[in-house]
Amino acid sequence: KPRSRQEMLPRVSSKNFSQSEIGESILDVVLEPGDLLYFPRGTIHQANALSDTHSLHITLSTSQKNTWADLLENTVPVALQTAIEEDEDFRQSLPLDYMD
C-alpha cells in the first residue's frame, strides 16, 4: 500500500528504501523457476534469494511515462505553439485591466 497519495501511480521509479522505511511485509512468497509475480505500478516491493539459491529479480514498468499527464505534457505545448503561430488572436495584447 502506498504510504502517501504522492506515491500512488508514480511517474518515476522510487529510490531504494531501507527495511525500516518499507515496514511490515504484506506478502511473503517463494517463487519457483519460471514463476512471475505482478505488482501494480507504485507497489513497494523487495526480493531476496533463498540462502542456497541464486535469483534474478527484474522489475519491468510498462506504464511510467505513458500516462494522461505525459500525453498532455507533450501535446499541449505543441498545440499552444501552433495556435500562437497560426491565429493572431493569441498574439493580441491583454487588456490593461485583465487582472482586476
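Just above, that's the structure.
Since we're looking at a predicted model, the values are computed, not measured.

**Q** Mind laying out the overall build of the protein, listing which residues take part and the relevant values?
**A** Each helix and strand in the protein was counted, giving 2 helices and 0 strands. What you see for the protein is a C-alpha radius of gyration of 23 Å, clearly larger than the 13 Å of a compact globule of 100 residues, by over 25%. Structurally, the protein occupies a C-alpha span of about 75 × 30 × 15 Å along its principal axes. Restricting the contact set of the protein to residue pairs at least 6 apart, pairs at least 24 apart contribute 49%. A total of about 9600 Å² of accessible surface is found on the protein, and carbon and sulfur atoms cover 55% of it. Charge centroids of the protein, computed over 8 positive and 16 negative side chains, lie 6 Å from each other.

**Q** Before we move on, can you summarise the pattern of salt bridges with the specific residues and values?
**A** Across all of its chains, the model carries 1 salt bridge by this definition. Of the charged contacts in the structure, one is a salt bridge between E21 and K15, with a shortest N-O distance of 2.7 Å. Under the relative-accessibility criterion, E21 is labelled partly exposed at 28%.

**Q** So what's going on with the environment of L37? Residues and values would help.
**A** As for its position among the elements, L37 is in the loop between α1 (19–22) and α2 (68–86). Take L37: its relative accessible area is 37%, and that puts it in the partly exposed class. If we skip the residues at most four places from it in the chain, L37 touches L27, V29 and L31.

**Q** Residues and numbers for the side chain of D70, please.
**A** In this fold, D70 is placed in helix α2. Once residues within four sequence positions are removed from consideration, D70 is found in contact with R11 and K65.

**Q** Residues and numbers for the environment of A69, please.
**A** With respect to the secondary-structure elements, A69 resides in helix α2. On a C-alpha basis, the gap between A69 and T53 in space is 42 Å, while along the polypeptide they are 16 residues apart.

Reading guide: rules and limits
Residues numbered from 1 in each chain as written. Predicted model: local features only at pLDDT ≥ 70, side-chain atom pairs only at ≥ 80, totals over all residues. Heavy atoms only, no water. Helix = DSSP H or I, 4+ residues; strand = E, 2+ residues; numbered from the N terminus. Rg over C-alpha atoms; globule rule 2.2 N^0.38 Å. Contact = heavy atoms within 4.5 Å. Areas by Shrake-Rupley, 256 points an atom, 1.4 Å probe, with all protein chains shown as cover. Lys, Arg positive; Asp, Glu negative; His and termini not counted. Charge placed at Lys NZ, Arg CZ, Asp CG, Glu CD. Salt bridge = Lys/Arg side-chain N within 4 Å of Asp/Glu carboxyl O. Buried < 20%, exposed > 50% of the residue type's maximum accessible area, 1.4 Å probe, protein only.

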